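Listed below, chain by chain, are the residues.
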Amino acid sequence: MQDVKTKPRFKWHIVVFLAPAVLIYTTIMIIPIFNTLGMSFFTDVDNRQVFVGWQNFNTLFGDERWAWHFWNALKNNTWFFMIHMLVQNPVGILLAAILSSPKLRFAAAYRTVVIIPAILSFVIVGFAWKLILSPLWGIAPWLLDSVGLKSLFAPWLGLEEYALTTLSLISVWQFIGIPMLLIYAALLSIPEEVLEAGECDGLTGFSAFWKIKLPLILPSIGIISILTFVGNFNAFDLIYAAQGALAGPHYATDILGTFMYRTFFGNQLQLGDINMGATIASAMFAIILVGVCLYLFAIQRRLRRYQF
């Protein structure tokens, strides 16, 4: 008898299990994104929403009053991101490499100390560091004075040239535990056989990390880089908690998140404009989308070099 091929049954249980998550994500993320994109093509005229096409984007990029704030926020956001990439991620990798050493005692306690700031509220972190760095009642001047370095102290959060860098380093301090944990998990997943083979070839210590461990954790580093990019260009909470909606001094700490919030909801200097706020949010979405796509494209091209 000839075997009769039967069609594989559709796995409905996959749909059942995925449906709640997809429904929730669509409700709280996808629909609001499209609503925001739609609002950016309208403006309010006599309490009526009137379609104006790309006029809001022309205003954002072409009007001198709006363009200065946008490009200033984008420049600050880029610097905010670069500090995280150049400080947070390398130091996180270094901490993970140290804490993954089997010879290190109390490694669990050290990991806990590093990760604790990441679970703190932005408001707590912002106000705490504002008090610490205060020239009037902060403990930073006293600590520097106790080691003979009081001359180095300055009101960093109040100076235009230092405020953004200071807040960036505070953010690094808060979130350095995230890349540390991800890299730590990646290091632990490396098979012992690979490390033992490296030892047979004389690779130990730093040389083993550089030539064996680092190439194997590059995918995790790539994921961390994407998360850092997306997170930094969505940043808002810390700047708002420490410097307020105006992101002083003189917009020196203004980033895209605070610019969008100030435009959308208004403040003591201007009324809120939901359509221009949606326009800024749409520009943020486009920047993040293009940045992630370019990064993934660069990774894909590099991977092709290793394919035979």
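Computed from a predicted structure; not experimentally measured. (Residues numbered from 1 in each chain as written. Predicted model: local features only at pLDDT ≥ 70, side-chain atom pairs only at ≥ 80, totals over all residues. Heavy atoms only, no water.)

Caption draft 1: Molecular detail of the overall build of the protein. For the protein, the count of helices and strands is 14 helices and two strands. With the principal axes as the frame, the protein shows a C-alpha extent of 85 × 75 × 35 Å. Summarising the internal contacts of the protein: among those between residues at least 6 apart in sequence, 64% fall at separations of at least 24. Counting only carbon and sulfur atoms, one obtains 69% of the accessible surface of the protein, whose full area is about 19,900 Å². Distance between charge centres in the protein, computed from 19 positive and 16 negative side chains, equals 9 Å. (Helix = DSSP H or I, 4+ residues; strand = E, 2+ residues; numbered from the N terminus. Contact = heavy atoms within 4.5 Å. Areas by Shrake-Rupley, 256 points an atom, 1.4 Å probe, with all protein chains shown as cover. Lys, Arg positive; Asp, Glu negative; His and termini not counted. Charge placed at Lys NZ, Arg CZ, Asp CG, Glu CD.)

Caption draft 2: Geometry of the side chain of Asn77. Relative to the elements of secondary structure, Asn77 occurs in helix H3 (residues 64–99). Classification of Asn77 as buried rests on a relative accessible area of 0%. If we ignore the near neighbours within four places in the chain, the residues touching Asn77 are Asn232, Phe233, Ile255 and Leu256. (Buried < 20%, exposed > 50% of the residue type's maximum accessible area, 1.4 Å probe, protein only.)

Caption draft 3: Representation of the pairing of strand S2 (residues 48–51) within the structure. Pairing analysis gives four bridges linking strand S1 (residues 42–45) to S2, with the strands arranged antiparallel. Within S2, the residue paired with Val45 across the bridge is Arg48. Turn length for the S1-S2 hairpin, with the two strands adjacent in sequence and antiparallel, is two residues, and the turn residue Asp46 shows positive phi of about 55°. (Pairing = 2+ DSSP bridges.)

Caption draft 4: Representation of H3 within the structure. Between the first and last C-alpha of H3 there are 51 Å, a value that for 36 residues agrees with the 52 Å anticipated at 1.5 Å per step. In the structure, H3 departs most strongly from a straight axis at His84, where the bend amounts to approximately 30°. The residue sitting at the N-terminus of H3 and contributing the capping side-chain oxygen is Asp63; that oxygen lies 3.0 Å from the backbone nitrogen of Arg65. (Expected span 1.5 Å × (residues − 1). Bend = angle between axes of the 7 residues up to and from the residue. Polar contact = N/O pair within 3.5 Å; in protein donor to acceptor, adjacent residues only side chain to side chain.)

Caption draft 5: Quick look at the environment of Pro141. Its location among the elements puts Pro141 in helix H6 (residues 140–146). You can call Pro141 buried: its relative accessible area is 10%. Taking the C-alpha atoms as reference points, Pro141 and Ala154, separated by 13 residues in sequence, lie 8.4 Å from one another. Sequence-distant contacts of Pro141, that is, excluding residues within four places in its chain, are made with Ile132, Ser134, Pro135, Lys150 and Phe153.

Caption draft 6: Broad picture of helix H8 (residues 177–188). Given a rise of 1.5 Å per residue, 12 residues ought to cover 16 Å, and the 16 Å separating the end C-alpha atoms of H8 matches this to within 8%. Those residues of H8 that sit buried are Gly177, Pro179, Met180, Ile183, Tyr184, Ala186 and Leu187. Buried residues in H8 make contact with H3, helix H4 (107–115), helix H7 (160–175), helix H10 (205–216) and helix H11 (218–233).

Caption draft 7: Quick peek at a nonpolar patch on the surface. A cluster of nonpolar side chains, Ile24, Tyr25, Ile28, Met29, Ile30 and Phe34, forms an exposed patch at the surface whose accessible area comes to about 610 Å². Checked against the element boundaries, Ile24 lands in helix H1 (residues 12–39). (Patch = residues over 30% accessible without salt bridge, like charges linked within 9 Å, V, L, I, M, F, W, Y side chains within 5 Å. Salt bridge = Lys/Arg side-chain N within 4 Å of Asp/Glu carboxyl O.)

Caption draft 8: Region of the structure containing a negative patch on the surface. Residues Glu192, Glu193, Glu196 and Glu199 make up a contiguous surface patch of negative charge. Relative to the helices and strands, Glu192 resides in helix H9 (residues 192–200).

Caption draft 9: Quick peek at the packing of helix H5 (residues 122–132) against H7. Following both chains from N to C, one finds H5 and H7 inclined at 130°, their axes separated by 11 Å at the closest point. Between H5 and H7, the interaxial angle falls into the category oblique. At the point where H5 passes H7, the crossing takes the right-handed sense. Across the interface between the two elements, Phe122, Val125 and Trp129 from H5 touch Ile170, Trp173, Gln174 and Phe175 from H7. Within the contact of H5 with H7, the residues separate by chemical class into six nonpolar, one polar and no charged. (Axes fitted to C-alpha atoms, helices over the stretch in contact; angles between N-to-C directions. Parallel < 35°, antiparallel > 145°, perpendicular 65-115°, else oblique. Left-handed = near helix turned anticlockwise from the far one by under 90°. Nonpolar A, V, L, I, M, F, W, Y, C, P; charged D, E, K, R; others polar.)

Caption draft 10: Expanded view of the packing of aromatic side chains. Tallied over the entire structure, the rule returns 21 aromatic pairs. Seen from their ring centres, Phe81 and Phe233 are 6.0 Å apart, and the 50° between their planes marks the pair as tilted. Of this pair, Phe81 sits in helix H3 while Phe233 sits in helix H11, and the two are 152 residues apart along the sequence. In this pair, the class of Phe81 matches that of Phe233, namely buried. Pairing Tyr261 with Phe265 gives two aromatic rings, centres 5.1 Å apart and planes at 45°, and the pair type is tilted. Note that Tyr261 and Phe265 are positioned in helix H13 (residues 256–265) at a spacing of four residues, about one turn of the helix. Tyr261 gets classed as partly exposed once you look at its relative accessible area, which sits at 24%. (Phe/Tyr/Trp six-rings, centres within 6.5 Å; stacked < 30°, edge-to-face > 60°.)

Caption draft 11: How the structure looks around the environment of Ser225. Residue position: Ser225 is located in helix H11. The exposure class assigned to Ser225 is buried, which follows from its relative accessible area of 9%. When residues no more than four places from it in sequence are discounted, the contact partners of Ser225 are Met85, Asn89 and Tyr295.

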